[in-house]
Amino acid sequence: MNQKKQVILASASPRRHEILTLAGIDHCVITSNADESCVKFQPGKPEEYAIATASVKNDGVYEILKADGNLSGLILSADTIVYTDGAPAPLGKPKDRDDAILTLESLSGITHKVVTGVVLRDAETGRRMEFAVSTSVNFRPLSHHEIASYVDSGEPMDKAGSYGIQGGACSFVRSIEGDYFNVVGLPICAVVEAMRELGAL
């Protein structure tokens, strides 16, 4: 894919790196130690929360470039959350094995939302775009044994919602409505459209 600007992925996520690579977008990775805990979740507003968290990541990398005197490139940041309607908070990465099991039990047999907030910023001009993409995911009813076996594989431990649709949890998913890659961690179609609008492609 022809690019006019260097894309800087403000994320250490291997899944986002893989999606950009799959789409043929050359990029480098720069992460910051930005404090995402400063963003407060408001029930019923998962999109706003995901965008705000992605913005904190983007700002952190922008400050690194500014300190280095190298304000160039397109900074891409994202934050993906798993959310059930009416929940007081999103389902984040599990704290431990028991937490992962409880999370998957809460998703068994129901439909939940996966929301990714995305922020793109032209480091040179300061022009930016931000948006959120939501995908509905329906899980079939899961037995305690298959949940425990999946958790014991170790795969859920670094993933929001305690599962990876592209991995061992693929058989849990009865249906999805929306962008599959959004569930993996980056809504690549919407990202490319935004990059074109910013003149980065």
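Parameters and conventions
- Residues numbered from 1 in each chain as written.
- Predicted model: local features only at pLDDT ≥ 70, side-chain atom pairs only at ≥ 80, totals over all residues.
- Heavy atoms only, no water.
- Helix = DSSP H or I, 4+ residues; strand = E, 2+ residues; numbered from the N terminus.
- Rg over C-alpha atoms; globule rule 2.2 N^0.38 Å.
- Buried < 20%, exposed > 50% of the residue type's maximum accessible area, 1.4 Å probe, protein only.
- Contact = heavy atoms within 4.5 Å.
- Areas by Shrake-Rupley, 256 points an atom, 1.4 Å probe, with all protein chains shown as cover.
- Lys, Arg positive; Asp, Glu negative; His and termini not counted.
- Charge placed at Lys NZ, Arg CZ, Asp CG, Glu CD.
- Axes fitted to C-alpha atoms, helices over the stretch in contact; angles between N-to-C directions.
- Parallel < 35°, antiparallel > 145°, perpendicular 65-115°, else oblique.
- Left-handed = near helix turned anticlockwise from the far one by under 90°.
- Core = buried A, V, L, I, M, F, W, Y, C linked by side-chain atoms within 4.5 Å.
- Phe/Tyr/Trp six-rings, centres within 6.5 Å; stacked < 30°, edge-to-face > 60°.
- Lys NZ or Arg CZ within 6 Å of the ring centre and 35° of its normal.

*Asks:* Just checking my understanding: could you explain the overall build of the protein for this structure?
*Replies:* On a plain count of helices and strands, the protein comes out with six helices and six strands. Taken from N to C terminus, the helices and strands of the protein fall in the order β-α-β-α-β-α-β-β-α-β-α-α. Taken over the C-alpha trace, the protein has a radius of gyration of 17 Å; the compact-globule value for 201 residues is 17 Å, and the two agree within 12%. Overall, the protein is about 55 × 35 × 30 Å in size when its C-alpha atoms are taken along their principal axes. The burial tally for the protein puts 47% of its 201 residues in the buried class. In the protein, the proportion of contacts linking residues at least 24 apart, taken out of those at least 6 apart, comes to 68%. Element-wise, carbon and sulfur atoms account for 50% of the exposed surface of the protein, whose accessible area totals about 9,500 Å². The centroid of the 19 positive side-chain charges in the protein is displaced by 3 Å from the centroid of its 26 negative side-chain charges.

*Asks:* Help me out: how do you make sense of the environment of Asp-26 in this one?
*Replies:* Within the fold, Asp-26 resides in the loop between helix 1 (14–22) and strand 2 (27–29). When the C-alpha atoms of Asp-26 and Asp-79 are compared, they prove to be 20 Å apart, with 53 residues separating the residues in sequence.

*Asks:* Can you help me understand the packing of helix 3 (residues 97–107) against helix 4 (residues 144–152) in this one?
*Replies:* For any two helices packed against each other, the geometry comes down to the angle between their axes and how far apart the axes lie. The contact between helix 3 and helix 4 brings their axes to 10 Å, and the two run at 135°. Judged on the interaxial angle alone, helix 4 and helix 3 are oblique. Of the two elements, helix 3 crosses helix 4, and the hand of that crossing is right-handed. Taken together, the residues of helix 4 that come into contact with helix 3 (itself represented by Arg-97, Ala-100, Ile-101, Leu-104 and Glu-105) are His-144, Ile-147, Ala-148, Tyr-150, Val-151 and Asp-152.

*Asks:* Could you clarify how one ought to interpret the nonpolar core in this entry?
*Replies:* Within soluble globular proteins, side chains that are nonpolar generally end up buried alongside one another. Counting 40 residues, the largest nonpolar core has Leu-76, Leu-120, Phe-139, Tyr-163, Leu-186 and Met-195 as its most contacted members. Leaving out residues up to four positions away in the same chain, Leu-120 has contacts with Asn-58, Leu-74, Ile-75, Leu-76, Arg-127, Arg-128, Met-129, Phe-131, Ala-194, Met-195 and Leu-198. The next biggest cluster of nonpolar side chains, apart from the first, holds nine residues, and it includes Tyr-49, Val-56, Ile-81 and Val-115.

*Asks:* Can you walk me through the packing of aromatic side chains in this structure?
*Replies:* Given two aromatic rings, one states the distance between the centres and the angle between the planes to describe the pair. Per the counting criterion, the structure on display carries six aromatic pairs. Relative to Tyr-83, the ring of Phe-41 has its centre 5.5 Å away and its plane inclined at 55°; by these criteria the two rings are tilted. Placement of the pair is Phe-41 in the loop between strand 2 and helix 2 (46–67) and Tyr-83 in strand 3 (residues 74–83), with a sequence separation of 42 residues. Taking relative accessible area as the criterion, Phe-41 reaches 17% and is therefore assigned buried. Above the face of the Tyr-62 ring, Arg-121 is positioned so that its terminal group lies 4.3 Å from the ring centre.

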